[in-house]
Amino acid sequence: MQKAANAIRGWAEVQVQGANCEEFFNRCARDGIGFWRAKRRDEVTWTCRVAFLDAGRVTALGQKGQWEVRLLRRGGLTGTAWKLRRRYAFWVGMAACIAVVAVLSRFVVTVRVSGNVKVPTGAILTQLRARGVRPGAFGPGLDTRQISHEVILELPELSWMSINLHGMVAEVLVREGDPRPELMEEDEPAHIAAKYPGIITKVQATRGQQLVEKGDTVVAGDTLIGSWVDFVEPEGSTIDMGGMTVRATGKVWARTWHTLKAAIPLNAQAKEYTGREKTRWSLEILGRTAKISPGGGISYGRYDKITKYHTPALPDGRELPFSLRREVCREYTLTQTPIDVEKGEVILRAALEERLKALAEKGEVLKTDWSVREQNGLLVVTLLAECEQEIGITIEE
């Protein structure tokens, strides 16, 4: 600990020559001058180290006692600064560096998002950027609390957000909330109708008047469970007790048939590259772009643009706030070429299967029939599917 203190406050190494040098060190101790590393070089010569600020006192003490005290070297923080005292350019540069670091440390260089699972990080960064939280933003000028509230309103999947500024890093912590339950208006009358035509296979009416039975055929829009419920009169009564309107609830399953079609042209446009290309370089610093390559825009009629970013990083993986961007624009022309019919059929089948999966979400597919034909320059794939699924939907009245 003492060694570190001496290095910080600085030290001076002195050489003492004269008779009875031991008396010199005794006087230093009486005058409160600390010394260490005292070494005897010969019969009349000693060396030792004293605090940097005590070098002048030691020299004066030597003159009083007829000892020759000579300063050999200086060291430590203060000693090094003393050696550089006349290097004005160094001190000006040091002051400029400190000022630049002090100013730049108040600007945001990196925005980090953590805590999100379902909400994409890109969606959060887009909302933050629209409100000023981006590389190059002035940190003290950001109202982080207000920005957090606004982003949560735009992204209802988030239940909480906190923006913490740590120097040049904006750390964004988020928490995702549970999906909001669908609120059912119990007092609003509604009936259940058929979403698709089909043959009824099962009915579970929990509220309302059941209007169909197993084996009935319905078309889209038919009422399956009505909202009007008749009151049952007592046996032998001739008075009509009337009824009441309720919000019908329940589930209705039916056998349904879906016909789905998809088509693509038999001749497709293909890219043919001409071999002409142009490369453009630019530098992105704190979210701003500076062009490096000379010249104007791209004169090609059609071209692909390939962009690559080269961002240097520190050994711990943190990226620096600037990137070198390289854009390569490759010219191409379009030519007509026949498609691979087999591959086209596979693509269309996969698309129709996805559509059928969405249609029969609440049910199962019982049977499928496929047909493929070429018609009017198109490859047409047709899917006929038989399903058993829930077809009831609630209709407000």
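Anything mentioned here points back to the structure above.
First, a word on scope: everything that follows refers to the structure included in this document. (Residues numbered from 1 in each chain as written. Predicted model: local features only at pLDDT ≥ 70, side-chain atom pairs only at ≥ 80, totals over all residues. Heavy atoms only, no water.)

## Examining the overall build of the chain
Step number 1: Helix and strand counts for the chain come out as 8 helices and 22 strands.
Step number 2: Element-wise, carbon and sulfur atoms account for 53% of the exposed surface of the chain, whose accessible area totals about 25800 Å². (Helix = DSSP H or I, 4+ residues; strand = E, 2+ residues; numbered from the N terminus. Areas by Shrake-Rupley, 256 points an atom, 1.4 Å probe, with all protein chains shown as cover.)

## Remarks on the sheet that holds strand 6 (residues 158-166)
Step number 1: Taken in spatial order, the 3 strands line up as 5-7-6 in an open sheet, and their pairing is mixed. Single-partner strands in this sheet number two, and they are strand 5 (110-114) and strand 6. Recorded for the sheet is a direction-independent mean angle of 15° between the axes of neighbouring strands.
Step number 2: Pairing of strand 5 with strand 7 (residues 169-176) involves 5 bridges; the strand directions are parallel. (Pairing = 2+ DSSP bridges. Axes fitted to C-alpha atoms, helices over the stretch in contact; angles between N-to-C directions.)

## A short note on helix 3 (residues 55-64)
In an α-helix, one turn spans 3.6 residues, which is why side chains three or four residues apart end up on the same side.
Step number 1: When we look at burial in helix 3, the residues that qualify are Ala55, Val58, Leu61 and Gly62. The buried residues of helix 3 all sit within an arc of 125° when viewed along its axis, so they share a single face. When the buried face of helix 3 is taken as reference, the exposed residues oriented beyond 90 degrees from it are Gln63 and Lys64.
Step number 2: For helix 3, the secondary structure elements touched by its buried residues are strand 1 (11-17), helix 2 (21-30), strand 3 (45-51) and strand 4 (68-75).
Step number 3: Count one or two residues on from helix 3 and you reach Gln66, which has phi positive near 60°. (Buried < 20%, exposed > 50% of the residue type's maximum accessible area, 1.4 Å probe, protein only. Arc of directions from axis to C-beta. Contact = heavy atoms within 4.5 Å.)

## Brief notes about the sheet that holds strand 22 (residues 392-396)
Step number 1: Read across the sheet, 4 strands follow the order 10-12-8-22 without closing on themselves; strand pairing throughout is antiparallel. Each edge of the open sheet is held by one strand with a lone partner, namely strand 10 (209-210) and strand 22.
Step number 2: As paired elements, strand 10 and strand 12 (residues 223-226) share 2 bridges and run antiparallel to each other. Bridging from a neighbouring strand, Gln210 pairs with Ile225 of strand 12.

## Notes on the environment of Ala360
Step number 1: Position of Ala360 among the secondary structure elements: in the loop between helix 8 (341-359) and strand 20 (363-375).
Step number 2: Sequence-wise, Ala360 and Thr256 are 104 residues apart; in three dimensions their C-alpha atoms are separated by 9.4 Å.
Step number 3: With residues up to four places along the chain from it excluded, the contact list for Ala360 reads Val365, Cys387 and Gln389.

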